[in-house]
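# Secondary and tertiary structure notes
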Amino acid sequence: MGCSEFDFQVSTCTQVDIGFDFDKVLTYKDSLGVAIPLSSLEFSMTIKQSLGGTTLLSLVEVANNISTGLYIPAPSTGVINIQITDADTLLVDEGIYPYEIKVVDADAKVEIFMQGTIQFHSRGF
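Residues numbered from 1 in each chain as written. Predicted model: local features only at pLDDT ≥ 70, side-chain atom pairs only at ≥ 80, totals over all residues. Heavy atoms only, no water.

### Quick word on the packing of aromatic side chains
A ring pair, where both rings are aromatic, is described by two values, the distance of the centres and the angle of the planes. Enumeration over the complete set of coordinates arrives at three aromatic pairs. Summarising the aromatic geometry, the rings of Tyr28 and Phe113 are spaced 4.7 Å apart at their centres and angled 85° between planes, so their arrangement reads as edge-to-face. Of the two residues, Tyr28 is situated in the loop between strand S3 (22-27) and strand S4 (42-48) and Phe113 in strand S9 (residues 110-121); the sequence distance between them amounts to 85 residues. Given a relative accessible area of 21%, Phe113 falls into the partly exposed group. When the ring of Tyr97 is compared with that of Phe120, the centres are 6.0 Å apart and the planes differ by 65°; the resulting orientation is edge-to-face. Residue Tyr97 is found in strand S8 (residues 95-104), and its partner Phe120 is found in strand S9; the two are separated by 23 residues along the sequence. (Phe/Tyr/Trp six-rings, centres within 6.5 Å; stacked < 30°, edge-to-face > 60°. Helix = DSSP H or I, 4+ residues; strand = E, 2+ residues; numbered from the N terminus. Buried < 20%, exposed > 50% of the residue type's maximum accessible area, 1.4 Å probe, protein only.)

### Topic: the pairing of S4
The alternating pattern of S4 places Phe43, Met45 and Ile47 on a buried face, while none of Glu42, Ser44, Thr46 and Lys48, on the opposite face, is buried. As judged from the six bridges shared by S4 and S8, these two strands associate in the antiparallel manner. Bridge assignment links Met45 to a residue of S8, and that residue is Ile101. Both S4 and strand S5 (residues 55-62) contribute to a ladder of five bridges, which runs antiparallel. From the neighbouring strand, Ser44 faces S5, where its bridge partner is Val60. Counting the residues between successive antiparallel strands, the hairpin from S4 to S5 contains six residues, one of them, Gly52, with a positive phi of roughly 75°. (Pairing = 2+ DSSP bridges.)

### As for the nonpolar core
Core analysis: the biggest nonpolar cluster contains 24 residues, and Phe43, Met45, Ile47 and Phe120 have the highest contact counts within it. At the level of elements, S3, S4, S5, strand S7 (79-84), S8 and S9 are the ones that each hand at least two residues to this core. Among the elements that make up this core, the one with the highest residue count is S8 (four residues). With residues near it in sequence (within four places) discarded, Phe43 still touches Tyr28, Leu38, Val60, Glu61, Leu70, Ile72, Ile80, Ile101, Lys102, Val103 and Phe113. (Core = buried A, V, L, I, M, F, W, Y, C linked by side-chain atoms within 4.5 Å. Contact = heavy atoms within 4.5 Å.)

### What to know about the environment of Phe120
Take Phe120: its relative accessible area is 1%, and that puts it in the buried class. Once the C-alpha coordinates of Phe120 and Val92 are considered, the two residues, 28 residues apart in sequence, prove to be 7.2 Å apart. With near-sequence residues (within four places) excluded, Phe120 lies in contact with Val16, Ile18, Ile47, Leu57, Ile84, Thr89, Val92, Asp93, Glu94, Gly95 and Tyr97.

### Focus on the pairing of S8
Here 10 bridges tie S8 to S9, and the two strands are oriented antiparallel to one another. If you follow Tyr97 over to S9, its bridge partner there is Ile118. Between the end of S8 and the start of S9, which pair antiparallel, lie five residues, with Ala108 showing a positive phi angle near 70°.

Here's what the structure looks like:
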């Protein structure tokens with residue numbers, strides 16, 4: 001299985017190492033590969049125990065690159081950083097969990113931007 005933007009798991013892409021900072025950079029692009037400006041959009045991410053289950057972590061947009069959340073450094077570039085601090089990774093047990101990133105547009109229309117699974121993993125050293 002190749003690396004996809006959807007599944008952050010060992011052997012497919014990347015995983016969250018418990019006790020360490022996690023940072024994944026995504027770029028929102030159109031079909032021609034041109035970055036889509038994010039200035040009129042609002043993003044949030046939820047990681048759950050199971051589909052429809054208890055929320056383990058909620059990530060909202062943050063104003064800096066050091067807090068747990070979704071950091072958009074320059075809206076015109078289409079770049080979104082998914083960030084989880086080392087302290088917040090400790091709040092989640094090892095396992096593979098479903099996640100969902102939602103986007104709200106200027107008209108308050110909510111859509112699922114991205115969904116999949118994310119793995120929290122202990123490095124063991």
